[in-house]
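For reference, the chains in residue letters:
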Amino acid sequence: LRGVSFAAVALPSSLRRSPDLAEQLAAAVSAGAEAAQREARELLSALRRDVPDQPFVDTVQSACAGWRATSNVPVTLHLSLVEPTVAARYELTQILSEALRNVAQHARATLVEVRLSREGERIRLTVHDNGIGLALPADLSQLSASGNFGLVGMAERARTIGGELTIDTRPGGGTTISVTAPAAALTVS
């Protein structure tokens with residue numbers, strides 16, 4: 001937004017002196033405004049994905065139902081009534097959303113399976129697809145260099161809540177994204 005503001009301020013004087021530059025600035029203002037709008041919309045959508053006063057299993061079911069409706073890919077759910085910590089809820093919801101988005105964009109899957117379970121003091125959320133799989137570099141940060149931030153972002157989100165993200169995939173063999181996170185002190189059995 002700051003860049004958009006600077007470009008907009010420079011636009012009137014550029015119109016008089018250099019119409020070509022003014023045209024470039026106008027394009028930059030337009031592109032910057034569109035990017036800001038997309039990012040704001042994504043932030044607002046992200047805030048709506050998790051409703052902290054409802055059981056987490058309901059949040060997972062809702063996210064999967066919404067995704068299934070837009071992707072037309074069946075989702076099988078195996079969900080235990082578990083509650084992550086408040087901080088983990090939001091990040092797990094974002095990881096689930098990104099994993100499903102990746103399946104829709106890249107996997108060519110015909111079935112997705114989502115599992116939510118408790119493992120001692122941890123919660124495990126797993127998203128498995130039967131799609132085409134992918135070849136991963138040894139270091140996920142190499143994906144960032146090529147402009148692919150989804151898997152890297154999921155791993156970073158897991159680390160921020162004291163969790164861990166694992167990716168099991170191979171070309172032609174589907175993909176499994178699994179994340180662990182702290183469970184809340186009071187978990188429904």
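Overview of the structure. If you're wondering where the values come from, they're calculated on a predicted model, not measured in any experiment. (Residues numbered from 1 in each chain as written. Predicted model: local features only at pLDDT ≥ 70, side-chain atom pairs only at ≥ 80, totals over all residues. Heavy atoms only, no water.)

## A few points about unusual backbone geometry
Definition in use: A run of DSSP states H or I qualifies as a helix once it reaches four residues; a run of E qualifies as a strand once it reaches two. Both are numbered from the N-terminal end. Burial classes: relative accessible area under 20% of the type maximum marks a residue as buried, over 50% as exposed, and values in between as partly exposed (1.4 Å probe, protein chains only).
Within the chain, Asn-72 stands out as a residue other than glycine whose phi angle is a positive 60°. Mapping Asn-72 onto the fold places it in the loop between helix 3 (56-71) and strand 1 (75-79). A relative accessible area of 65% places Asn-72 in the exposed class.

## Comments concerning the packing of helix 3 against helix 4 (residues 86-107)
We apply this condition: Interaxial angle, 0 to 180 degrees, is taken between N-to-C directions of lines fitted to C-alpha atoms, where a helix line uses only the stretch in contact. What sets the label is the angle itself: under 35 degrees gives roughly parallel, over 145 gives roughly antiparallel, 65 to 115 gives roughly perpendicular, and the rest give oblique. Crossings are sorted by hand: turned counterclockwise from the far helix by less than a right angle, the near helix makes the crossing left-handed, and turned clockwise it makes it right-handed. Whether two residues are in contact is decided by their heavy atoms, any of which lying within 4.5 Å being enough.
Axis separation between helix 3 and helix 4 bottoms out at 11 Å; the angle between their running directions is 20°. Overall, the two elements helix 3 and helix 4 adopt an arrangement that is roughly parallel. Judged by the twist between their axes, the crossing of helix 3 over helix 4 is right-handed. On the side of helix 3, the interface is formed by Phe-56, Thr-59, Val-60, Ala-63, Cys-64 and Trp-67, while helix 4 contributes Arg-89, Leu-92, Thr-93, Leu-96, Leu-100, Arg-101, Val-103 and Ala-104.

## Thoughts on the packing of helix 4 against helix 6 (residues 150-160)
Quick reminder of the rule: Gly is put with the polar residues, along with every residue not named as nonpolar or charged; the nonpolar set is Ala, Val, Leu, Ile, Met, Phe, Trp, Tyr, Cys and Pro, and the charged set is Asp, Glu, Lys and Arg.
Relative to each other, helix 4 and helix 6 sit at 165°, their axes nearing to 9 Å. Classified by the interaxial angle, the pair formed by helix 4 and helix 6 is roughly antiparallel. Our pair here, helix 4 against helix 6, has a crossing hand that is left-handed. Between helix 4 and helix 6, the contacting residues are Tyr-90, Glu-91, Gln-94, Ile-95, Glu-98, Ala-99 and Asn-102 on the first element and Gly-150, Leu-151, Met-154, Arg-157, Ala-158 and Thr-160 on the second. Looking at side-chain class alone, the contact of helix 4 with helix 6 contains six nonpolar, four polar and three charged residues.

## Overview of the nonpolar core
A general tendency of soluble globular proteins is for nonpolar side chains to be buried together. Stated precisely, the cut-off is as follows: Put simply, a nonpolar core is a bunch of buried Ala, Val, Leu, Ile, Met, Phe, Trp, Tyr and Cys residues held in one set by side-chain atoms that sit within 4.5 Å of each other.
If you look at the biggest cluster of nonpolar residues, it comprises 32 residues, and the most contacted ones within it are Leu-92, Leu-96, Val-112, Val-114 and Leu-165. When residues of this core are traced back to their parent elements, those giving at least two are helix 3, helix 4, strand 2 (112-119), strand 3 (122-129), helix 6 and strand 5 (175-182). Top element by residues in this core is helix 4. It accounts for eight residues.

## Points about the pairing of strand 5
Heads up, the rule is: Between any two strands, at least two bridges found by DSSP are needed for them to pair.
Within strand 5, eight of the eight residues are buried, which leaves the element mostly enclosed by the surrounding structure. Where strand 3 and strand 5 come together, eight bridges link them in antiparallel fashion. From the neighbouring strand, Leu-125 faces strand 5, where its bridge partner is Val-179. Here strand 4 (residues 164-169) runs beside strand 5; their pairing, made up of six bridges, is antiparallel. Bridging across to strand 5, Thr-166 finds its partner in Ser-178. Linkage of strand 4 to strand 5, two consecutive antiparallel strands, is achieved through a turn of five residues, within which Gly-172 is found at a positive phi near 85°.

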